[in-house]
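Listed below are the residues making up each chain.
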Amino acid sequence: MARPKIALIGAGQIGGTLAHLAALKELGDVVLFDIAEGVPEGKALDIAESGPSAKFDARMSGTQSYADIAGADVCIVTAGVARKPGMSRDDLLGINLKVMKSVGEGIAAHAPDAFVICITNPLDAMVWALREFSGLPHEKVCGMAGVLDSARFRHFLADEFDVSMKDVTAFVLGGHGDTMVPLVRYSTVAGIPLPDLVKMGWTTQDKLDAIVQRTRDGGAEIVGLLKTGSAFYAPATSAIEMAESYLKDQKRVLPCAAYVDGAYGLKGFYVGVPTVIGAGGIERVVEISMNKDEQAMFDSSVKAVKGLVTACKGIDDSLS
Ligand code: A3D
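Residues numbered from 1 in each chain as written. Predicted model: local features only at pLDDT ≥ 70, side-chain atom pairs only at ≥ 80, totals over all residues. Heavy atoms only, no water.

As annotated in an unreviewed UniProt entry, the protein chain carries the name Malate dehydrogenase and comes from Roseobacter litoralis. UniProt, in its Function (unreviewed entry) section for the protein chain, records the words "Catalyzes the reversible oxidation of malate to oxaloacetate." On record in UniProt, under Sequence similarities (unreviewed entry), the comment for the protein chain is "Belongs to the LDH/MDH superfamily. MDH type 3 family." (UniProt positions renumbered as here; feature names shortened; annotations may be inferred.)

Now the structure itself:
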């Protein structure tokens, strides 16, 4: 059987890391696409030259032509502009919406059967627009945010408790932004929910609240440190986890920006929810029950996402 083909649209910081990880994990042959001439070619060659030492079998190539992504099984989209200090994710909206239009058209023309994972910010609006521009089935287009947000939450929790990150599960719902909803009640250490760990004296409510806030601000914390761009190692690793679940039909239960059509009382747009990712793409949206406070946080997050989608419609007539 031929190797799967993975197209990476955008060969910047995240795109290059995605290519490296996909090669190391031998997920398939990789095509890096970018409008910046030489960048995707250079990164592809550099990674290919690491193959003999890293001992992977995967073809790496770079291109400026959408024709070269033909027949891709997975497309991961990072094309666009990243945040600089002082910019919010929403500041990127106008610029990246235009990018989504060209990317959506390119995927529709050359890789219409692909599973598409969008990473470009502002995520929940860009994944919605990318789906609209591409016309692909809703279950084949999703956004990466929840895996990253919950990984950050898990990392901070594992640090606080001095336990392995492997035994910490965390749950983050809603949009990828300041209104994201880390759900403490559904987050556990080896099955013990966080509120119980507070009662057991493992941490205090104040410390837990601070970790929740640090998770919400996780992206900005990295932007503040790097000064010239935003996070890329953890975002790339998160998207690779999603791509692998699709390619290997693992049916992982992963939070991602998925099209919600009825669940959570919502209809017709993208928001961060738990999903099952398998060979069918987003095979299921998992609907959990929320208490009053959680529902209020989720509602305000949904409101923020709806605002961004409305803004997109205001910018591009074809989206209305
Ligand atoms: P960066 O290193 O700037 O790479 C973006 C690449 O896109 C550059 O190489 C550009 O040349 C390329 N590009 C621009 N326009 C086009 C186009 N029309 N077609 C093809 N390529 C194009 O950014 P990055 O890799 O650090 O980040 C990429 C995106 O991911 C940004 O929008 C970030 O805000 C976003 N991001 C999202 C998350 C989430 O968790 C959702 C996390 C981190 C970054």
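Okay, back to it.
Peer 1: Would you explain the layout of surface pockets in this entry?
Peer 2: With a probe scaled to a water molecule rolled over the atoms, the places where space remains empty come into view. Counted as a void, the largest pocket has a volume near 810 Å³. Looking at the lining of the largest pocket, the elements that each hand over two or more residues are helix 1 (13–24), helix 3 (93–110), helix 5 (146–161) and helix 8 (218–226). For the lining of the largest pocket, the per-class residue count stands at 24 nonpolar, 13 polar and 5 charged. Formed jointly, the lining of the largest pocket draws a minimum of three residues from each of two domains, domain 1 (5–144) and domain 2 (146–313). In this structure, the second largest pocket occupies an estimated 470 Å³ of space. (1 Å grid on protein atoms, 1.4 Å probe; cavity = no way out; pocket = protein on both sides within 12 Å on 5 of 7 lines; lining within 4 Å. Points joined across faces, edges and corners; volume = space filled by probe spheres on them. Helix = DSSP H or I, 4+ residues; strand = E, 2+ residues; numbered from the N terminus. Nonpolar A, V, L, I, M, F, W, Y, C, P; charged D, E, K, R; others polar. Domains from an automatic or database assignment.)

Peer 1: For this particular structure, what's the right way to read helix 5?
Peer 2: Residue pairs spaced three or four apart in an α-helix point in one direction, given the helix's 3.6 residues per turn. Its 16 residues place the ends of helix 5 22 Å apart at the C-alpha level, agreeing with the 22 Å of an ideal helix rising 1.5 Å per residue. Residues Gly-146, Val-147, Leu-148, Asp-149, Ser-150, Arg-152, Phe-153, Phe-156, Leu-157, Ala-158 and Phe-161 constitute the buried set of helix 5. Just beyond helix 5, the residue with positive phi is Asp-162, at close to 55°. (Expected span 1.5 Å × (residues − 1). Buried < 20%, exposed > 50% of the residue type's maximum accessible area, 1.4 Å probe, protein only.)

Peer 1: Explain the pairing of strand 5 (residues 115–118) to me, please; I cannot follow it from the model alone.
Peer 2: Regular strands have side chains that alternate between both faces of the sheet. With burial as the criterion, each face of strand 5 is covered, one bearing Phe-115 and Ile-117 and the other bearing Val-116 and Cys-118. The pairing of strand 4 (residues 74–77) with strand 5 spans 4 bridges and is classified as parallel. The residue bridging Val-77 from the neighbouring strand is Cys-118, located in strand 5. Handedness of the crossover joining strand 4 and strand 5 through helix 3 is recorded here as right-handed. Bridge analysis of strand 5 against strand 6 (residues 141–143) gives 3 bridges, and the strand direction is parallel. By the bridge assignment, Cys-118 is partnered in strand 6 with Gly-143. Following the chain from strand 5 across helix 4 (residues 123–134) to the adjacent parallel strand 6, one finds a crossover that is right-handed. (Pairing = 2+ DSSP bridges. Right-handed = clockwise from strand over helix to strand, strands pointing away.)

Peer 1: How should a negative patch on the surface be read in this particular structure?
Peer 2: A cluster of like negative charges, contributed by Asp-90, Asp-91, Asp-178 and Asp-217, occupies part of the molecular surface. Looking at the secondary structure, you find Asp-217 in the loop between helix 7 (205–216) and helix 8. (Patch = residues over 30% accessible without salt bridge, like charges linked within 9 Å, V, L, I, M, F, W, Y side chains within 5 Å. Areas by Shrake-Rupley, 256 points an atom, 1.4 Å probe, with all protein chains shown as cover. Salt bridge = Lys/Arg side-chain N within 4 Å of Asp/Glu carboxyl O. Lys, Arg positive; Asp, Glu negative; His and termini not counted. Charge placed at Lys NZ, Arg CZ, Asp CG, Glu CD.)

Peer 1: Hey, could you run me through the environment of Ala-7 in this one?
Peer 2: Assignment of secondary structure puts Ala-7 in strand 1 (residues 5–9). Since its relative accessible area comes to 0%, Ala-7 is described here as buried. Separated by 58 residues in sequence, Ala-7 and Ser-65 have C-alpha atoms that sit 12 Å apart. Look past the residues within four positions of Ala-7 in its chain and what remains in contact with it is Val-31, Ile-69, Ala-72, Val-74, Cys-75 and Ile-76. (Contact = heavy atoms within 4.5 Å.)

Peer 1: I'm lost on the site of the ligand in this one. Help?
Peer 2: As a matter of local geometry, the ligand sits amid 26 residues, with Gln-13, Ile-14, Asp-34, Val-81 and Ile-119 nearest to it. Taking Asp-34, its side chain carries an N or O atom lying 2.6 Å from an oxygen atom of the ligand. The backbone of Gly-80 places a nitrogen or oxygen atom 3.2 Å from an oxygen atom of the ligand. Within the complex, the protein chains bury 86% of what would otherwise be the 860 Å² of accessible surface of the ligand. When each cavity is represented as a set of grid points, the ligand is found to reside in the largest pocket. (Near = heavy atom within 4 Å. Polar contact = N/O pair within 3.5 Å; in protein donor to acceptor, adjacent residues only side chain to side chain. Sits in = over half its atoms within 2 Å of the grid points.)

Peer 1: How should the environment of Ser-230 be read in this particular structure?
Peer 2: Within the secondary structure, Ser-230 is located in the loop between helix 8 and helix 9 (233–247). Through-space distance from the C-alpha of Ser-230 to that of Ala-82 is 6.3 Å; in sequence the pair is 148 residues apart. In contact with Ser-230, not counting residues within four places along its chain, are Ala-82, Arg-83, Ile-222 and Val-223.

Peer 1: Got a minute to help me understand empty space enclosed by the protein in this structure?
Peer 2: This model, assessed by the stated rule, comprises 1 cavity of 30 Å³ or more. A volume near 50 Å³ is recorded for the largest cavity. Surrounding the largest cavity, Ala-145, Gly-146, Asp-149, Val-172, Leu-173, Gly-174, Gly-175, His-176, Met-180, Cys-256, Ala-257 and Gly-272 form its lining. Breaking the lining of the largest cavity down by element, the ones donating at least two residues are helix 5, strand 8 (172–173) and strand 12 (252–261).

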